[in-house]
Amino acid sequence: MFIADEAHRNIVFVGREKELGILEEGYGRPSAFLIYGRRRIGKSSLIRQFAKDKRVLYLSCIEGSESENLQYFSEELSILKGKEASCQSLRAFLLQVAETAGDIPLVFAIDEYQYLLRAIPSASSYLQHFIDTTLPGTKCTLILCGSAVGVLMREGTDGARPLYGRFDRIIHLSQLSFDECRSFHPNMNDIDELRMYLTFGGVPRYHQWMRGDTYRQCIIDECIASDRVSDEARLVIGYEFRHADKVLAVMSAIAGGSVHLNLISDKTGIDNATCTQVLRELEAAGMVGTVNPMYGSPKRKSYMITDDLFAFYFGVVQRRKSLLLGNDPDSAYDALEETLNTFLGKRFELFCMDYITRNYSVLEIGKWWRSFKSGTTEEIDIAARTVFEGVKYDLFAECKFRGGKAGFSEYEDLERRVFLTDASNERLMIISASGFDEEFLRAAEGLSVITVGPDELFAGKHPHALRFDISKP
């Protein structure tokens, strides 16, 4: 993704080395790629970076008629050819592209492909014919790209669609990592950079919008004094889903604590069958997920909002809208702070789950909880089945985002809860963004507890192996 440097003069590109490598492998020979991903994820930036210093025909389809798109295509092709091109049909246009490409490498990119499909429903059939019969005679790298995740996924993975099996590679462009996103905020401290990531995830454009040097200032400027984030959330839902009103209602219910199907249905007034369909669509789009119960936890399906921006919008902005309307921006932030801290703490658990998955060999990961007749509930933030050097370990982790350094209190609570599970060969882990009490750190290895603190989260230090105490199995 492109960002401006601190002087706001030079533009640099962040991340996407793997995806650029995949595209480079196809350059200079007949090849076809499909790139899809949610809005603002950096698809167009990836194509522009790949096509830099290359011969390119880049088309961004428009929400218009067939004739309007073909007129635009003809104008762009005329620029590449250096003379007027007029195409009355998509087939004629594709033939002219192949003729223009000749035996010289060409990047031929069609962005926002879903608009072309809407204008020309048979577009995929024409492109199938182009890939099968015309592309092999060129050195053309064809790239289809779009933001309508469901539509583009079907084009590439549905065996009934014309383009199924026609792509060298299908690239689902995912979010940038935390380390990559830190580049967007060079003047922030570590904790504020993490807050930004927990709030906006790894979507590059959202970080570009945030120009303050503190998390507080960014939230005030773009989420309280401005409706930009709220508008974006509603825009994406309206763009991706046909029944936006039902999607909004379902996500609002989940954010409000109605996390089971029957509760969601009761809260929204939408029947179970329709709720189930909406939830399936949200899961397919990566906006909603389910909690995986581990080690004897109740198996009742529980939903959660997985997309960071939507979790923030529905869990903070929408739920506390009266605070935003009734106060000046600084006072509104102060009034929101407790809600924000709760939100960030919950998102940190997901961040830690991803951290464990990236650093250990994880067979299964989720949460553990148990309710008792007394009305109390015990929970463990993260529970995972892992393997290290051929030995299986049950790993349990407590996640502490803020509120001082972690120490013996967190360890004792975690140890007590682990005793209630049906785990064996267990390992304990405490992840603390604020660090640890020094006395506890000195005792940690003897207690067989893995500590993950600022050095591991922010400075790149690798976490301890699961079997760090050779005196234990």
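Above this text is the structure in question.
J.: I keep staring at helix α1 (residues 17-26) and nothing clicks. Help me out?
T.: Each α-helix winds once per 3.6 residues, and so residues spaced three or four apart point in a common direction. When α1 is considered as a whole, its buried residues turn out to be Glu-19, Leu-20, Ile-22, Leu-23 and Gly-26. Buried positions in α1, seen along its axis, are confined to an arc of 155° and lie on one side of it. Along α1, the residues that are exposed and aim more than 90 degrees away from the buried face are Glu-17, Lys-18 and Glu-25. Downstream of α1 by one or two residues, Gly-28 has phi in the positive range, about 90°.

J.: I'm lost on the pattern of salt bridges in this one. Help?
T.: Working definition: two side chains of opposite charge can pair if their charged atoms are close together. Evaluated as defined, the whole model comprises 23 salt bridges. The shortest N-O distance in the salt bridge between Arg-161 and Glu-155 comes to 2.7 Å. For Arg-161, a relative accessible area of 29% puts it in the partly exposed group. For Glu-155, a relative accessible area of 3% gives the class buried. In this structure, Glu-349 and Lys-367 form a salt bridge, with 3.1 Å as the shortest nitrogen-oxygen distance. Of this pair, Glu-349 sits in helix α18 (residues 329-359) while Lys-367 sits in strand β10 (residues 361-371), and the two are 18 residues apart along the sequence.

J.: Hey, could you run me through the sheet that holds strand β6 (residues 140-146) in this one?
T.: If you trace the 5 strands from one edge of the open sheet to the other, you get β4-β5-β6-β3-β7, paired in parallel fashion. A single partner strand is all that each edge strand has here, and the edge strands are β4 (56-60) and β7 (169-172). Recorded for the sheet is a direction-independent mean angle of 15° between the axes of neighbouring strands. Pairing geometry for β4 and strand β5 (residues 106-111), over 5 bridges, is parallel. Across the sheet, the residue bridging to Ser-60 is Asp-111, located in β5. Against the sheet, α1 touches β3 (31-36), β6 and β7, its axis set at about 155° to β3. Sitting on the sheet, helix α6 (residues 123-134) is in contact with β3, β5 and β6, with an inclination near 155° to β6.

What counts and what doesn't
Residues numbered from 1 in each chain as written. Predicted model: local features only at pLDDT ≥ 70, side-chain atom pairs only at ≥ 80, totals over all residues. Heavy atoms only, no water. Buried < 20%, exposed > 50% of the residue type's maximum accessible area, 1.4 Å probe, protein only. Helix = DSSP H or I, 4+ residues; strand = E, 2+ residues; numbered from the N terminus. Arc of directions from axis to C-beta. Salt bridge = Lys/Arg side-chain N within 4 Å of Asp/Glu carboxyl O. Pairing = 2+ DSSP bridges. Axes fitted to C-alpha atoms, helices over the stretch in contact; angles between N-to-C directions. Contact = heavy atoms within 4.5 Å.

Note that all results are geometric; they support no functional claim without further evidence.
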